[in-house]
Structure formats: structure tokens, C-alpha cells
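Take a look at the letters that make up each chain.
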Amino acid sequence: MPPPIHDTPIWNGFSASASWAEGDYWDAALRYSGEGGGFKLAGAVAYSHTDGTAESNYTQAGVYVEHVATGLWLYGAYGHVDPDGVTAP
């Protein structure tokens, strides 16, 4: 059975979601999407935790910016896995 998921309504471009399941698994995310000043902007940050046979934490973030008039865009993302509660170099 899939984990329960809760998504909030969108408020001023922001929304959030969370899910959880047996075995101490959960995650949460915050997202933004909007447009102004000739630019489109979208971004998200998320965190997940799993504690099954081995503990693992995953943090990720991303951002997207587009200049509407020219169509030029920029995207960046970051992710970090912390297996077994030990941060890898």
C-alpha cells in the first residue's frame, strides 16, 4: 500500500506536501512557483528519511528562473545523501 500523502492548497505561489509509511519512513517538501517583473520562478526543497534496515537521509533543492521575453532560462539543483547517519565527504 502506498504511503499517505498530504498536499496543501497553493498559497501565494507556495505549496507543501508530506508523506509517511510504516518503518519510520517520511518526507516533506516545500515548493514555490510564480511570475513577476518579466521572469518566471520555480523552486523546491525536500527532505526524506528512511530508517529500515539502514538509516538514510536525503536533502534536495532546485531552482528554475526564466526570462519571459527572451525565453532564456537557468536551472540548478542540489542533492545530498547521508547514509546510516554518517555524512560522506
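So, here is what we can say about the structure in this document. (Residues numbered from 1 in each chain as written. Predicted model: local features only at pLDDT ≥ 70, side-chain atom pairs only at ≥ 80, totals over all residues. Heavy atoms only, no water.)

**Quick word on the overall build of the protein chain**
Inference 1: When helices and strands are tallied, the protein chain shows zero helices and six strands.
Inference 2: Expressed as a percentage of its 89 residues, the buried residues of the protein chain come to 12%. (Helix = DSSP H or I, 4+ residues; strand = E, 2+ residues; numbered from the N terminus. Buried < 20%, exposed > 50% of the residue type's maximum accessible area, 1.4 Å probe, protein only.)

**Structural notes on the pairing of strand β5 (residues 55-67)**
Inference 1: Two strands pair when backbone bridges link them, and strand β4 (residues 39-51) and β5 are joined in this way by 13 bridges, in the antiparallel orientation. For G43, the partnering residue across the bridge sits in β5 and is V63.
Inference 2: What sits between β4 and β5 in their antiparallel hairpin is a turn of three residues.
Inference 3: Note: β5 against strand β6 (residues 73-83), eleven bridges, orientation antiparallel. Of the residues in β6, the one forming a bridge with Q60 is G79.
Inference 4: Between β5 and β6, which follow one another and run antiparallel, lie five residues, and G71 among them has a positive phi close to 80°. (Pairing = 2+ DSSP bridges.)

**Comments concerning a negative patch on the surface**
Inference 1: A cluster of acidic residues, D24, D51, E55 and D84, forms a negative patch at the surface.
Inference 2: Tracing the backbone through its elements, the reader meets E55 in strand β5.
Inference 3: We classify E55 as partly exposed; its relative accessible area is 31%. (Patch = residues over 30% accessible without salt bridge, like charges linked within 9 Å, V, L, I, M, F, W, Y side chains within 5 Å. Areas by Shrake-Rupley, 256 points an atom, 1.4 Å probe, with all protein chains shown as cover. Salt bridge = Lys/Arg side-chain N within 4 Å of Asp/Glu carboxyl O. Lys, Arg positive; Asp, Glu negative; His and termini not counted. Charge placed at Lys NZ, Arg CZ, Asp CG, Glu CD.)

**Some words on the packing of aromatic side chains**
We describe a pair of aromatic rings using the distance from one ring centre to the other and the angle between the two ring planes.
Inference 1: Enumeration over the complete set of coordinates arrives at three aromatic pairs.
Inference 2: A centroid spacing of 4.7 Å and a plane angle of 50° characterise the contact between F14 and Y32, whose relative ring orientation is tilted. In this pair, F14 is assigned in strand β2 (residues 14-21) and Y32 in strand β3 (residues 25-36), connecting sequence segments 18 residues apart.
Inference 3: For F14, a relative accessible area of 36% translates into the label partly exposed.
Inference 4: Judged by centre distance (5.3 Å) and plane angle (45°), the ring pair of W26 and Y47 falls under tilted. Here W26, found in strand β3, pairs with Y47, found in strand β4; they are 21 residues apart in sequence, far enough to count as distant. (Phe/Tyr/Trp six-rings, centres within 6.5 Å; stacked < 30°, edge-to-face > 60°.)

**Observations regarding the side chain of S48**
Inference 1: Summarising the element assignment, S48 is placed in strand β4.
Inference 2: Excluding residues that lie within four positions of it along the chain, S48 makes contacts with W26, D27, S56, N57 and Y58. (Contact = heavy atoms within 4.5 Å.)

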